[in-house]
Amino acid sequence: MAVADPPQAVRFCLSLATVPASVPEARRSVRAELAARGLDADHPLTDTVLLVVSELVTNAVRHAAPRSPRTTLQLDFALDELTVRVHDRHPHCPQRPEVPHQDGSGGWGLSLVHELAALAGGGTETLADRDGGGKTMVVRLPLDGAAALG
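Residues numbered from 1 in each chain as written. Predicted model: local features only at pLDDT ≥ 70, side-chain atom pairs only at ≥ 80, totals over all residues. Heavy atoms only, no water.

Enquirer: Can you help me understand the sheet that holds strand β2 (residues 70-77) in this one?
Expert: Hydrogen bonds along the backbone pair up the strands of a sheet, which may run parallel or antiparallel. Strand order in the open sheet formed by five strands is β1-β2-β3-β5-β4, and the pairing between neighbours is antiparallel. The open sheet terminates on both sides in strands that have one partner only, identified here as β1 (10-17) and β4 (123-128). Averaged over neighbouring strand pairs, the angle between their axes works out to 15° when direction is ignored. Here β1 runs beside β2; their pairing, made up of eight bridges, is antiparallel. Residue pairing in the sheet places Leu-16 in a bridge with Thr-71 of β2. The strands touched by helix α1 (residues 22-36) are β1, β2 and β3 (81-88); relative to β1, the strand with the most contacts, the crossing angle is about 165°. (Pairing = 2+ DSSP bridges. Helix = DSSP H or I, 4+ residues; strand = E, 2+ residues; numbered from the N terminus. Axes fitted to C-alpha atoms, helices over the stretch in contact; angles between N-to-C directions. Contact = heavy atoms within 4.5 Å.)

Enquirer: Teacher, can you tell me more about the nonpolar core here?
Expert: In a soluble, globular protein the nonpolar side chains are often hidden away together inside. In terms of nonpolar packing, the biggest core is built from 31 residues, with Val-30, Val-49, Leu-73 and Phe-77 touching the most fellow members. For this core, the elements supplying multiple residues, two or more each, are β1, α1, α2 (46-64), β2, β3, α3 (109-119) and β5 (135-142). Counting residues per element, this core draws most heavily on α2, at seven residues. (Core = buried A, V, L, I, M, F, W, Y, C linked by side-chain atoms within 4.5 Å. Buried < 20%, exposed > 50% of the residue type's maximum accessible area, 1.4 Å probe, protein only.)

Below, the structure is given as structure tokens:
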């Protein structure tokens, strides 16, 4: 009896200018890609993914733009997991703050991303580039495979 190969991951990749207008562009593109994969507006993960993308791309725009004129957004759809990656070429690897910044300049975005991932049963990590000149923010979310590779 022949055994079928397991489905391969499907990758969506978008290169964005590290400017404010890229945040809604990223959301629109991701919303369309999610819908193409069977994750429409009513899917339980759609809002989570869109908020994660918005927060991570916004952070790249706010903090990495001077050193990173481009930001890369990548979605990897596997049978049981959706991985969101946002890469920029700024060397600082941010840590999740325990409290927002005292000067009112923010600080909740990464905490929100961590909480959303945890509530969905997933996780987050920050991966430094080998050369130390950039990083990738990674968010892994469990996914129903029927929709992921559709």
